[in-house]
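Residues per chain are reported as follows:
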Amino acid sequence: MKILVLNCGSSSIKYQFISMTNEKVLAKGQIERIGTNQAVLTHYFEDGKSAKVVSDIPDHNKAIEVVISTLTNTDYGVISDKQEIKAVGHRVVHGGEKFANSVLITAAVKDKIHDCIELAPLHNPHNFRGIKACAELLPGVPQVAVFDTAFHQTMPATSYLYAIPYSEYQVHNVRRYGFHGTSHRYVSERAAKLLKKKPEQIKVITCHLGNGCSISAIENGRSIDTSMGFTPLEGLVMGTRCGDIDPAIIFYIASRQGLSLSEIDNLLNKHSGLEGISGISNDLREILKQMNAGNDRAKLAVDIFCYRLKKYICAYFGVMNGVDALIFTAGIGENADQIREITCAGLECIGIKLDAAKNRNTIGTEGLISAKSSKIDVFVIPTNEEIIISRDTRKIVEAMNRTNREIVE
Ligand code: ADP
């Protein structure tokens, strides 16, 4: 079975086309600047060969049409007919409380995903557009939704409720949902493999550190807490997001500086975090370069980033009464050995001790970076959300095919 995995954003679509026989990525790529006549498709196929095409792509329908025609292109395509696409798996950002697992997309599911738009107005509409476009362009091909929030639906109320009037939850759905669930799930399952245990037998802390950052406490294969909240703004310091702050700061900024709510929203989401503190960039590579050249504000941004992360690691160690492993993933987690080093320094008290050389040498690959004497194993595990999406899609579509066969028989 060959599966198309799609991640539809506002102006970009990322895709992977995976053969499930051996989980091989046959092709992958992305279209950026959708909505302009200068949209750029970058397509990778066959051992790193690539093709780049600039064209007029006004909307998601056209973008997905281009993805399909690229996959079937005689020069750089990987299939001869679109009928070889047996299923589509979509990354959907928000499933609210309606979805604790991946699901086959039916008319009823589409309605529910649509209902979740008010919880994720910046993301779900584009996921929804992608689903609609596929239904038109690949009629009859089953589609599956894999939600970023689903893995965290196992959190207990003690983790997901805020101490605000209960009616905010009951009537208005205000609660912690958590995000990056597919990534936390992938790396925690992978850690179980590396520890030669089942996910149900281990307790792990997973740090997804990309442009957005979140950390999760995962006990016996179930997320029991995570740092992102009602929205992805809460928790760790991120590229441009502030993470945890005193909510009263919002009222203070509004009254003292006369900023509107949407201006403050913009300030906290787009101009805070590493960029806000350093005044340099949201790109950690640039900040580390400046820090290592002696820039104090860059150092401050890095120190605050690592300090917040360290506090969460200790909190989750405490709530789980100890852990088996700590995992770093995503752009920063996989590549920034300095961040891992600063964060883990002084955590010998909870049994974490890095091996300096292993940490320095593990860049962008999987590896154990803790010292032999460390009570807790520390791993770098490159994330792979697409493989989880393709596996869930395959499982659901195969189950659907079995059921249909039984009905026919
Ligand atoms: P996204 O959340 O958009 O998927 P990524 O997971 O790609 O983001 O992570 C992007 C972050 O990773 C950026 O802050 C970038 O600076 C950082 N990063 C990527 N490579 C390195 C590296 N070699 N060293 C330090 N930081 C890196």
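Anyway, here's the lowdown on the structure attached to this text. (Residues numbered from 1 in each chain as written. Predicted model: local features only at pLDDT ≥ 70, side-chain atom pairs only at ≥ 80, totals over all residues. Heavy atoms only, no water.)

## Side note on the overall build of the chain
When helices and strands are counted, the chain shows 15 helices and 14 strands. By the compact-globule yardstick of 22 Å for 409 residues, the chain fits well, its C-alpha radius of gyration being 22 Å. In terms of its C-alpha atoms, the chain occupies a principal-axis envelope of roughly 60 × 55 × 45 Å. Going through the 409 residues of the chain one by one, you find that 48% of them count as buried. (Helix = DSSP H or I, 4+ residues; strand = E, 2+ residues; numbered from the N terminus. Rg over C-alpha atoms; globule rule 2.2 N^0.38 Å. Buried < 20%, exposed > 50% of the residue type's maximum accessible area, 1.4 Å probe, protein only.)

## A word on the pairing of strand β11 (residues 222-226)
Of all 5 residues in β11, 4 are buried; the element is thus mostly enclosed. Across 4 bridges, the pairing between strand β10 (residues 213-219) and β11 is antiparallel. If you follow Glu219 over to β11, its bridge partner there is Arg222. What sits between β10 and β11 in their antiparallel hairpin is a turn of 2 residues, with Asn220 showing a positive phi close to 55°. (Pairing = 2+ DSSP bridges.)

## Looking at the packing of helix α1 (residues 60-71) against helix α3 (residues 124-137)
Where α1 contacts α3, the two axes come as close as 9 Å, and the packing angle between them is 55°. Overall, the two elements α1 and α3 adopt an arrangement that is oblique. Every pair of crossing elements has a handedness; the one defined by α1 and α3 is right-handed. Between α1 and α3, the contacting residues are His60, Asn61, Ile64, Glu65 and Ile68 on the first element and His126, Arg129, Gly130, Ala133, Cys134, Glu136 and Leu137 on the second. Split by residue class, the contact of α1 with α3 holds 5 nonpolar, 4 polar and 3 charged. (Axes fitted to C-alpha atoms, helices over the stretch in contact; angles between N-to-C directions. Parallel < 35°, antiparallel > 145°, perpendicular 65-115°, else oblique. Left-handed = near helix turned anticlockwise from the far one by under 90°. Contact = heavy atoms within 4.5 Å. Nonpolar A, V, L, I, M, F, W, Y, C, P; charged D, E, K, R; others polar.)

## Let's talk about the site of the ligand
Near the ligand you find Gly210, Asn211, Gly212, Asn282, Asp283, Leu284, Arg285, Ala330, Gly331, Ile332, Asn335 and Ala336, and these make up its full shell. Leu284 has a polar backbone atom sitting 3.0 Å from an oxygen atom of the ligand. The contact in question runs from an oxygen atom of the ligand to an N or O atom on the backbone of Gly331, over 2.9 Å. Among the elements of the structure, α10 (284-292) and α12 (330-335) are those that each provide at least two residues to the shell around the ligand. A per-class count over the shell around the ligand returns 4 nonpolar, 6 polar and 2 charged. (Near = heavy atom within 4 Å. Polar contact = N/O pair within 3.5 Å; in protein donor to acceptor, adjacent residues only side chain to side chain.)

## Focus on the nonpolar core
Counting 43 residues, the largest nonpolar core has Leu209, Ile215, Phe305, Ile313, Leu326, Phe328 and Ile352 as the members making the most contacts within it. Looking at this core, the elements with two or more residues in it are β9 (203-209), β10, α10, α11 (296-319), β12 (325-329), α13 (337-344) and β14 (377-380). Per-element tally for this core: the top contributor is α11, with 9 residues. Sequence-distant contacts of Ile313, defined by excluding residues within four places in its chain, comprise Ile205, Cys207, Ile215, Leu326, Thr343, Leu347, Ile350 and Ile352. (Core = buried A, V, L, I, M, F, W, Y, C linked by side-chain atoms within 4.5 Å.)

## Quick notes on the pattern of salt bridges
Applying the stated criterion across every chain yields a total of 16 salt bridges. With a closest N to O distance of 2.7 Å, Arg391 and Glu23 form a salt bridge. One end of the pair, Arg391, is in helix α15 (residues 385-408); the other, Glu23, is in the loop between β2 (13-19) and β3 (24-32), and 368 residues separate them in sequence. Given a relative accessible area of 34%, Arg391 falls into the partly exposed group. The class for Glu23 is partly exposed, based on a relative accessible area of 29%. When the shortest N-O distance is used, the salt bridge between Glu234 and Arg176 registers 3.3 Å. Residue Glu234 is found in the loop between β11 and α7 (248-257), and its partner Arg176 is found in the loop between α5 (166-170) and α6 (181-194); the two are separated by 58 residues along the sequence. We classify Arg176 as buried; its relative accessible area is 10%. One continuous salt-bridge network, built from bridges that share partners, spans Arg176, Asp225 and Glu234. (Salt bridge = Lys/Arg side-chain N within 4 Å of Asp/Glu carboxyl O.)

Don't take any of this as a statement about function, it's just geometry.
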